[in-house]
Amino acid sequence: MSDGTKGGLAFFGLWLLLHEKADDWIREALRRARETPEDLRDEYERFLLSVEEEKERLKTVVERMAANQIRALGFLGPDEAQDLRDEIRELRERLRAVEDRLDRRDDGAA
């Protein structure tokens, strides 16, 4: 296994572990909120809302990191795959045009 593959596997392993731990942390925070006297629950609500806001901010960072790791492993995203298909189509058209010119030249020389 190459170092790049190991790095990708470590990244995704860490990602899954964080999700698992986050679920545990949220369940624990909700349990504590239910056990907290009502006059102190606002603090827990503010905390949970702040965590949610931070999670939303981090989504784009993690998505970019995941996309980079996926590319490093050799996989293409839909846009990249379409760009590659378009480039291959263009190259094939150019190759056909060169072949046609060569055929015409050969026909004229015969």
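Participant: Let's hear about the overall build of the protein chain: which residues, and what values?
Facilitator: From N to C terminus, the protein chain includes 3 helices and 0 strands. Moving toward the C terminus, one meets the helices and strands of the protein chain in the order α-α-α. With respect to the principal axes defined by its C-alpha atoms, the protein chain has extents near 100 × 30 × 15 Å. Taken over 110 residues, the protein chain has a buried fraction of 6%. As presented, the protein chain carries roughly 9,600 Å² of accessible surface, and 56% of it is formed by carbon and sulfur atoms. Each charge class in the protein chain was averaged separately, 21 positive and 28 negative side chains, and the resulting centres sit 2 Å apart.

Participant: So what's going on with the pattern of salt bridges? Residues and values would help.
Facilitator: Within the structure shown, the criterion is met by 8 salt bridges. E28 serves as the salt-bridge partner of R31, at 2.3 Å between the closest nitrogen and oxygen. With R31 and E28 both in helix α1 (residues 3-35) and 3 residues apart, the pair spans about one turn of that helix. Note on R31: relative accessible area 32%, which makes it partly exposed. The partner of R32 in a salt bridge is E28, with the nearest N and O atoms 3.2 Å apart. One end of the pair is R32 and the other is E28, both in helix α1 and 4 residues apart, which spans about a single turn. Note on E28: relative accessible area 29%, which makes it partly exposed. Three or more residues are tied together by salt bridges with common partners; here these are E28, R31, R32 and E35.

Participant: I'd like a description of helix α2 (residues 41-72), backed by residues and values.
Facilitator: For α2, spanning 32 residues, the distance from its first C-alpha to its last is 45 Å, which sits close to the expected 46 Å at 1.5 Å a residue. The principal kink in α2, of about 30 degrees, is found at L58. A positive backbone phi angle near 100 degrees is found at G74, which sits one or two residues after α2.

Participant: Provide a residue-level description of a nonpolar patch on the surface, including the pertinent values.
Facilitator: The grouping of L14, L17, L18 and W25 at the surface amounts to a nonpolar patch, some 430 Å² of accessible area in total. One can find L18 in helix α1.

Conventions used here
Residues numbered from 1 in each chain as written. Predicted model: local features only at pLDDT ≥ 70, side-chain atom pairs only at ≥ 80, totals over all residues. Heavy atoms only, no water. Helix = DSSP H or I, 4+ residues; strand = E, 2+ residues; numbered from the N terminus. Buried < 20%, exposed > 50% of the residue type's maximum accessible area, 1.4 Å probe, protein only. Areas by Shrake-Rupley, 256 points an atom, 1.4 Å probe, with all protein chains shown as cover. Lys, Arg positive; Asp, Glu negative; His and termini not counted. Charge placed at Lys NZ, Arg CZ, Asp CG, Glu CD. Salt bridge = Lys/Arg side-chain N within 4 Å of Asp/Glu carboxyl O. Expected span 1.5 Å × (residues − 1). Bend = angle between axes of the 7 residues up to and from the residue. Patch = residues over 30% accessible without salt bridge, like charges linked within 9 Å, V, L, I, M, F, W, Y side chains within 5 Å.

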